[in-house]
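# Tertiary structure, described
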Amino acid sequence: MPLHAATPTQIYTFPDVAALSQGLDTYVAKLSKEAIERHGKFTVAISGGSLPKQLSAVLKHNTSVDFSKWIVYFADERCVPLDHEDSNYLLSKKELFDHVNIPEENIHTIDPDLVNDPEEAAEDYISQLAKTFATKDSVRFPVFDLILLGVGPDGHTCSLFPGHPLLEDHTNWCAHITDSPKPPSSRITLTFPVLNHAHHVAFVAAGAGKQDMLHLLLDGPGHLPAQMVKPVTGTLSWFVDDAAAAKITSATHKGLERL
Ligand SMILES: O=C(O)[C@H](O)[C@@H](O)[C@H](O)[C@H](O)COP(=O)(O)O
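Residues numbered from 1 in each chain as written. Predicted model: local features only at pLDDT ≥ 70, side-chain atom pairs only at ≥ 80, totals over all residues. Heavy atoms only, no water.

Basically, it comes down to this: UniProt positions are given in the numbering used here, feature names are shortened, and annotations may be inferred rather than shown by experiment.
The name an unreviewed UniProt entry gives the protein is 6-phosphogluconolactonase, with Linnemannia exigua as the organism. According to the UniProt record, the Function (unreviewed entry) comment for the protein reads "Hydrolysis of 6-phosphogluconolactone to 6-phosphogluconate." Annotation of the protein in UniProt includes, under Pathway (unreviewed entry), the sentence "Carbohydrate degradation; pentose phosphate pathway; D-ribulose 5-phosphate from D-glucose 6-phosphate (oxidative stage): step 2/3."

## A closer look at the pattern of salt bridges
Any two side chains of opposite charge can pair if their charged atoms end up close together. For clarity, the threshold we go by: Only one rule defines a salt bridge in this text: a Lys or Arg side-chain nitrogen within 4 Å of an Asp or Glu carboxyl oxygen. Segments assigned H or I by DSSP are reported as helices when at least four residues long, segments assigned E as strands when at least two residues long, and all are numbered from the N terminus. Burial here depends on accessible area, computed with a 1.4 Å probe over protein chains only, as a share of the maximum for the residue type. Under 20% is buried, over 50% is exposed, and the range in between is partly exposed.
One pass over the full model with this rule turns up seven salt bridges. Ionic pairing is found between Glu 34 and Lys 30, a salt bridge with its closest N-O pair at 2.6 Å. In this pair, Glu 34 and Lys 30 both sit in helix 1 (residues 17-39), four residues apart, roughly one turn of the helix. The class for Lys 30 is partly exposed, based on a relative accessible area of 33%. One salt bridge in this structure joins Lys 33 and Glu 37, with 3.1 Å as the shortest N-O distance. In this pair, Lys 33 and Glu 37 are both assigned in helix 1, four residues apart and thus about one turn of the helix distant. There is no split in this pair, since Lys 33 and Glu 37 are both exposed.

This is the structure in structure tokens:
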């Protein structure tokens, strides 16, 4: 089955989290190879939460992936020091970076000196993005090869929360938030235009706790943040385990396929 979905949204389901990690490994390894063949690098943005562990369980052992060509950003980051237990960087470091050979300079962290000034931290992150995606003026939005997203119980993704003014940010590449309903309250996040310009966007969701939200997001129309992720020309995929997929009832459900 081709990974490039014929339908706007492709849902891949797996019997359990172990199989989900296997599927993610296959998917990410394929996209990494394609991107490196195409332009010599693989640009990827990674979220926090449960995703880094699910992503890395199998991938970190995959010796066929050329991690030396990876350029990593964070889909969102909490404004905390890099060694803080809430740091998304620290999580991905433990789960993935410590096990593979991504050059340190290719891993774009929040500037630890700016964690007390979220606005400055977001500005700095835009400058970091510009290093990879040309200058801020010569390209409209970064085009990531892959952005990996999680989804919260309220339908948030990245640090884009329901009803928040950041949902209306259609110009900045990265924005800050100081009133995140999910702690910690200060964060920086990629914005919708960046998410929607990626070549590939994949949501990852596992466990019965996600059932109701997945039903809401995938079975009907709506304007929750996760539903606002609609790549302009890229693909949109969901990687879910059977527990998370259990309440999906619409036509979309009939499209469920094993990877
Ligand atoms: O830093 C963060 O908090 C995230 O990037 C956030 O958007 C996360 O992906 C979702 O809240 C899902 O988190 P779980 O996978 O842990 O449910």
